[in-house]
Amino acid sequence: MKLDARVEWWPLYVRALTALFGFSVIFTGAPAGTTIDSPLTLTVLLSLLVVTGLFSIVAPHRVGGFPLARYSGIALELLIVSVIVFETGGKTSFFYFLYVPILLWATAGRGIVAGVTVGWVAAAAFAIAAGAHGGTTTGSLPRAMLLVLGGVLIGIIEERRTEGVASVLRGVDALVRQANTAAEVRDSANAGKSPHEPSVGEH
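Heads up: these notes are all about the structure in this document. (Residues numbered from 1 in each chain as written. Predicted model: local features only at pLDDT ≥ 70, side-chain atom pairs only at ≥ 80, totals over all residues. Heavy atoms only, no water.)

Structural notes on the overall build of the chain
Point 1. On a plain count of helices and strands, the chain comes out with 7 helices and 0 strands.
Point 2. When the helices and strands of the chain are placed in sequence order, the string is α-α-α-α-α-α-α.
Point 3. For the chain, the residues scored as buried account for 33% of the 203 residues in total.
Point 4. Restricting the contact set of the chain to residue pairs at least 6 apart, pairs at least 24 apart contribute 72%. (Helix = DSSP H or I, 4+ residues; strand = E, 2+ residues; numbered from the N terminus. Buried < 20%, exposed > 50% of the residue type's maximum accessible area, 1.4 Å probe, protein only. Contact = heavy atoms within 4.5 Å.)

A closer look at the layout of surface pockets
Point 1. In this model, the second largest pocket occupies a volume close to 170 Å³.
Point 2. What lines the second largest pocket is Y71, I74, L78, A106, R110, V113, A114, T117, V118 and V121.
Point 3. Breaking the lining of the second largest pocket down by element, the ones donating at least two residues are α4 (68-87) and α6 (111-132).
Point 4. Considering every element that reaches the lining of the second largest pocket, the biggest residue donor is α6, with 5 residues.
Point 5. For the lining of the second largest pocket, the per-class residue count stands at 8 nonpolar, 1 polar and 1 charged. (1 Å grid on protein atoms, 1.4 Å probe; cavity = no way out; pocket = protein on both sides within 12 Å on 5 of 7 lines; lining within 4 Å. Points joined across faces, edges and corners; volume = space filled by probe spheres on them. Nonpolar A, V, L, I, M, F, W, Y, C, P; charged D, E, K, R; others polar.)

What to know about the packing of α4 against α6
Point 1. Orientation of α4 relative to α6, taken along the N-to-C sense of each, is 30 degrees, at an axis distance of 9 Å. Classified by the interaxial angle, the pair formed by α4 and α6 is roughly parallel. For α4 against α6, the interelement crossing comes out right-handed. Judged by residue contacts, L78, S82, V85 and F86 of α4 engage V121, A122, A125, F126, A129 and A132 from α6.
Point 2. The class makeup of the residues in the contact of α4 with α6 is 9 nonpolar, 1 polar and no charged. (Axes fitted to C-alpha atoms, helices over the stretch in contact; angles between N-to-C directions. Parallel < 35°, antiparallel > 145°, perpendicular 65-115°, else oblique. Left-handed = near helix turned anticlockwise from the far one by under 90°.)

Some points on helix α1 (residues 10-28)
Point 1. Look at α1: 27 Å from first C-alpha to last across 19 residues, which is about the 27 Å you get at 1.5 Å a residue.
Point 2. Phi turns positive, to about 120 degrees, at G29, one or two residues after α1. (Expected span 1.5 Å × (residues − 1).)

Concerning the packing of aromatic side chains
Point 1. A full pass over the atoms with the stated rule returns 8 aromatic pairs.
Point 2. Arranged with centres 6.3 Å apart and planes meeting at 75 degrees, the rings of F94 and F95 form a pair that is edge-to-face.
Point 3. An aromatic cluster of three or more residues is present, and its members are F21, F94, F95 and F97.
Point 4. One residue, R15, lies across the ring of W105, its end atom 4.1 Å from the ring centre.
Point 5. Over the ring of Y96 we find R143; its NZ or CZ atom is 4.7 Å from the centre of that ring. (Phe/Tyr/Trp six-rings, centres within 6.5 Å; stacked < 30°, edge-to-face > 60°. Lys NZ or Arg CZ within 6 Å of the ring centre and 35° of its normal.)

A closer look at α6
Point 1. When the terminal C-alpha atoms of α6 are compared, their 32 Å separation across 22 residues agrees well with the 32 Å that a helix rising 1.5 Å per residue should span.
Point 2. Remark: G134 follows α6 within two positions and exhibits a positive phi of approximately 130 degrees.

Regarding the environment of W9
Point 1. Assignment of secondary structure puts W9 in the segment before α1.
Point 2. In sequence terms W9 and G53 are 44 residues apart; their C-alpha atoms lie 9.0 Å from each other.

Structural notes on the nonpolar core
Point 1. Grouped together as the largest cluster of nonpolar side chains are 33 residues, with contacts concentrated most on L46, V81, I84, F95, Y99, F126 and L147.
Point 2. Contributing elements (two or more residues each) for this core: α1, α2 (39-51), α4, α5 (99-107), α6 and α7 (141-191).
Point 3. With 7 residues, α6 is the single largest residue contributor to this core.
Point 4. Here Y99 is in contact with L78, V81, S82, V85, A122, A125, F126 and L147, once residues within four sequence places are set aside. (Core = buried A, V, L, I, M, F, W, Y, C linked by side-chain atoms within 4.5 Å.)

Observations regarding the side chain of T18
Point 1. Positionally, T18 belongs in helix α1.
Point 2. Judged by its relative accessible area of 9%, T18 falls in the buried class.
Point 3. At 3.0 Å, the side chain of T18 forms a polar contact with the backbone oxygen of V14.
Point 4. Once residues within four sequence positions are removed from consideration, T18 is found in contact with L49, L98, P101 and W105. (Polar contact = N/O pair within 3.5 Å; in protein donor to acceptor, adjacent residues only side chain to side chain.)

Spelled out as structure tokens, the structure:
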């Protein structure tokens with residue numbers, strides 16, 4: 001099994017920025033509908049959101065197998081966010097927004113199937129957390145369906161972006177092959193000439 005030695009730290013950076021935004025909400029005052037009874041608990045949960053980014057760093061190093069580490073990390077992140085939502089008001093919690101960055105980094109580079117899948121899982125997790133807080137699961141359906149729609153849109157965008165990058169790479173590869181073919185033809189033509197004859201391309 002080949003091991004990829006490259007380490008990409010951006011998953012931790014993105015999660016750290018998300019957690020910092022959450023910290024700012026905790027310490028500057030809760031928005032309407034959000035209850036923060038234990039700032040320390042939320043701080044610990046947001047810190048764990050950053051730690052789970054380590055799974056996304058470990059996952060690329062396991063080439064040739066199912067990326068269990070990455071998907072386990074995403075599942076833990078959805079669980080952490082759902083607990084935060086449960087602790088801060090259920091369906092009225094401002095921390096509902098934390099599902100969005102998870103949709104983004106879980107779908108990045110994976111296309112519409114990943115977007116739809118993660119969108120539905122996030123929607124189910126939010127509906128369960130909101131319902132368990134004391135409200136009704138059906139009352140949280142409008143926001144839950146927004147997560148599904150968000151997953152679909154992000155998936156479509158990623159699908160188009162991936163196709164665009166692949167198209168550019170194919171074009172570059174075609175140009176490189178053409179340049180190599182032209183060089184081989186020129187070298188072959190020059191090899192068949194006498195030393196006193198001008199080379200192909202010389203004036």
